[in-house]
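Examining the three-dimensional arrangement
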Amino acid sequence: MKLLNYDHTKIYLDTYFTNLSSLLECFSEQNTYYLIDENVLRLHHSKFASIKNLIIIPSGENSKSLNFISQIVSNLLSLGANRKSYLIGIGGGVTTDITGFVASVFMRGISFGFIPTTLLAMCDASIGGKNGVNLNSVKNIVGVFNNPDFILIDYSFLKTLSNEELVNGFAEIIKHACIASEDLFVKLENISQKNLLKNIDDFIYSSILIKLDIVLIDKKEENQRKLLNFGHTFGHAIESIYGFSHGKSISLGMVFANQIATKMGYLDTNQNTRILNVLNSFNLPSDISSINKKEVLELIYNDKKAIKSNIDFIILNNIGEAFVKSLKVIDLIDG
Ligand SMILES: NC(=O)c1ccc[n+]([C@@H]2O[C@H](COP(=O)([O-])OP(=O)(O)OC[C@H]3O[C@@H](n4cnc5c(N)ncnc54)[C@H](O)[C@@H]3O)[C@@H](O)[C@H]2O)c1
């Protein structure tokens, strides 16, 4: 087992869900409530056989709604939860976001922890203290910054993850490497696709360290934390227009961003090619020729990040080095 500490959060890596009660001080099974993703419960039911106080979270983004949050709060009350209760979220980013949000508002805030079960949640969504839900199809628009007491990472959950979800996680790991670590990038270049799960500890650990380095100096996304949006400006727009998976959309978003960085003279073409090769080796798309750039830019313009037609765009100047540049939407069109 590895332990990382940040703020008041303990991150236990490479351990098992069954160690939970021994890792947590003052753990009271009776006063602990679990929000669990429906697929995780179905696929790993033997792990949860003895647990009471389970509330099931239907799979999918629709669960991240204020309506569903009020249902969870009602369920917690009818199960007898109180101010001293502990809330634990077991699932992907949808479940950890919901858990952090509910725990922050239930009786003005109770203690909580995460057991992320997707690669994306292990290396990204559970880290950094953002907990949000959606409103009228605007993503994560209602939320709080609040860190869990613990994050327990048990790789055995990944055995049941679909390949598409695994690749979604790797898209974020590639993003972390691109913005902050050439070493991690080289590991991604050299890994055999057959050995991904065997080497998962190294990828998750490195990815978490990168995210922590960034969020700890900019907790509220005023500056450095924006680097984590690399590929996401175009990516989010592509996801909502074309309905591609998050990983595929972010992959295309990174390709667009690098095209702009290359044209502006920041990223050299060899490095750009290395990134395209890594994306392809993970079966992530890199061909942007069929994407309607005008439509994508229109959506970006209307996005919450576009202030007075300027966008904080993330530019790579090397693999492992990125910076925030304020660009006009028109600059993106020319790029
Ligand atoms: N808070 C943050 O900083 C942050 C960062 C990135 C993403 N997010 C949020 O995270 C969400 C995406 O997270 P995600 O990709 O984990 O999606 P998800 O939670 O929807 O999980 C993806 C799918 O995998 C299934 N699943 C989960 N664990 C499984 C397992 N072990 N085996 C088999 N299936 C399993 C789920 O049922 C679901 O169908 C989005 O809502 C996004 O906004 C938040």
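Attention here is on the structure that accompanies the text. A quick note: this is a predicted structure, and the numbers were derived from the prediction, not measured.

What counts and how
Residues numbered from 1 in each chain as written. Predicted model: local features only at pLDDT ≥ 70, side-chain atom pairs only at ≥ 80, totals over all residues. Heavy atoms only, no water. Helix = DSSP H or I, 4+ residues; strand = E, 2+ residues; numbered from the N terminus. Rg over C-alpha atoms; globule rule 2.2 N^0.38 Å. Areas by Shrake-Rupley, 256 points an atom, 1.4 Å probe, with all protein chains shown as cover. Lys, Arg positive; Asp, Glu negative; His and termini not counted. Charge placed at Lys NZ, Arg CZ, Asp CG, Glu CD. Near = heavy atom within 4 Å. Polar contact = N/O pair within 3.5 Å; in protein donor to acceptor, adjacent residues only side chain to side chain. Nonpolar A, V, L, I, M, F, W, Y, C, P; charged D, E, K, R; others polar. Buried < 20%, exposed > 50% of the residue type's maximum accessible area, 1.4 Å probe, protein only. Pairing = 2+ DSSP bridges. Core = buried A, V, L, I, M, F, W, Y, C linked by side-chain atoms within 4.5 Å. Domains from an automatic or database assignment. Contact = heavy atoms within 4.5 Å. Axes fitted to C-alpha atoms, helices over the stretch in contact; angles between N-to-C directions. Expected span 1.5 Å × (residues − 1). Arc of directions from axis to C-beta. Salt bridge = Lys/Arg side-chain N within 4 Å of Asp/Glu carboxyl O.

On to the overall build of the chain, then. Scanning the chain from terminus to terminus reveals 13 helices and 11 strands. What you see for the chain is a C-alpha radius of gyration of 20 Å, in line with the 20 Å of a compact globule of 335 residues. If one aligns the C-alpha atoms of the chain with their principal axes, the spans along those axes are about 60 × 40 × 35 Å. Surface accessibility of the chain: about 15100 Å² in total, with carbon and sulfur atoms responsible for 49%. Of the side-chain charges in the chain, 31 are positive and 33 negative, and the distance between the mean point of each set is 4 Å.

Around the ligand, a shell composed of 25 residues is seen, among which Ser59, Gly93, Thr117, Thr118 and Thr160 lie nearest. Residue Thr117 places a side-chain N or O atom 2.7 Å away from a nitrogen atom belonging to the ligand. Lys130 is positioned with one of its backbone polar atoms (N or O) 2.8 Å from a nitrogen atom of the ligand. For the ligand, whose unbound accessible area comes to 870 Å², protein coverage reaches 86%. Broken down by secondary-structure element, the contributors of at least two residues to the shell around the ligand are helix H2 (38-43), helix H4 (93-105), helix H5 (119-125) and strand S8 (138-145). Looking at the shell around the ligand residue by residue, the classes come out as 7 nonpolar, 9 polar and 9 charged.

Listed as buried for helix H9 (residues 232-242) are His232, Thr233, Phe234, Gly235, Ala237 and Ile238. Gly243, located one to two residues past H9, shows a positive phi value of around 70°.

Further remarks concern the pairing of strand S6 (residues 111-116). Across the 6 residues that make up S6, a large majority, 5, are buried. Note: strand S5 (residues 86-91) against S6, 6 bridges, orientation parallel. Residue pairing across strands places Gly91 opposite Pro116, the latter belonging to S6. Sheet topology note: the S6/strand S9 (residues 150-152) ladder contains 2 bridges and is parallel.

Ranked by size, the top nonpolar core spans 107 residues in total, and within it Ile11, Ile90, Phe170, Leu188, Ile204 and Phe234 carry the most contacts. Considering each element in turn, this core owes the most residues, 9 residues, to helix H6 (residues 163-180). Residues lining this core come from more than one domain, with at least three contributed by each of domain 1 (2-160) and domain 2 (163-334). Sequence-distant contacts of Ile11, defined by excluding residues within four places in its chain, comprise Lys2, Leu3, Leu4, Tyr6, Ile127, Ile151, Ile153, Ile208 and Leu212.

Taken together, the 7 strands give an open sheet; going across it, the order is S1-S2-S9-S6-S5-S3-S4, and neighbouring strands pair in mixed fashion. Strand pairing shows two members of the sheet lacking a second neighbour, strand S1 (2-6) and strand S4 (54-57), which therefore form its edges. When the angles between neighbouring strand axes are averaged without regard to direction, this sheet yields 20°. The sheet contact formed by strand S3 (residues 32-37) and S4 spans 4 bridges and is parallel. By the bridge assignment, Asp37 is partnered in S4 with Ile57. On the sheet, helix H3 (residues 66-79) packs against S3, S4 and S5 and is oriented at approximately 165° with respect to S4.

This part takes up H3. For H3, spanning 14 residues, the distance from its first C-alpha to its last is 20 Å, which sits close to the expected 20 Å at 1.5 Å a residue. The complete set of buried residues in H3 reads Phe68, Ile69, Ile72 and Leu76. Burial along H3 is one-sided: seen end-on, the buried residues are contained in an arc of 105°. Away from the buried face of H3 by more than 90 degrees, exposed residues Asn67 and Ser78 are located. Looking at the buried side of H3, the elements it contacts are S3, S4, S5, H4 and strand S7 (130-135). Positive phi shows up at Gly80, right after H3, with a value of about 100°.

The next subject is the side chain of Asp154. By the element assignment, Asp154 lies in the loop between S9 and H6. Among buried Asp, Glu, Lys and Arg side chains, Asp154 stands out as unpaired, with Lys47 the closest opposite charge at 4.9 Å. Within the structure, the side chain of Asp154 is placed 2.8 Å from the backbone nitrogen of Phe17, a separation counted as a polar contact. If sequence neighbours within four positions are ignored, Asp154 has contacts with Thr15, Tyr16, Phe17, Lys47 and Met122.

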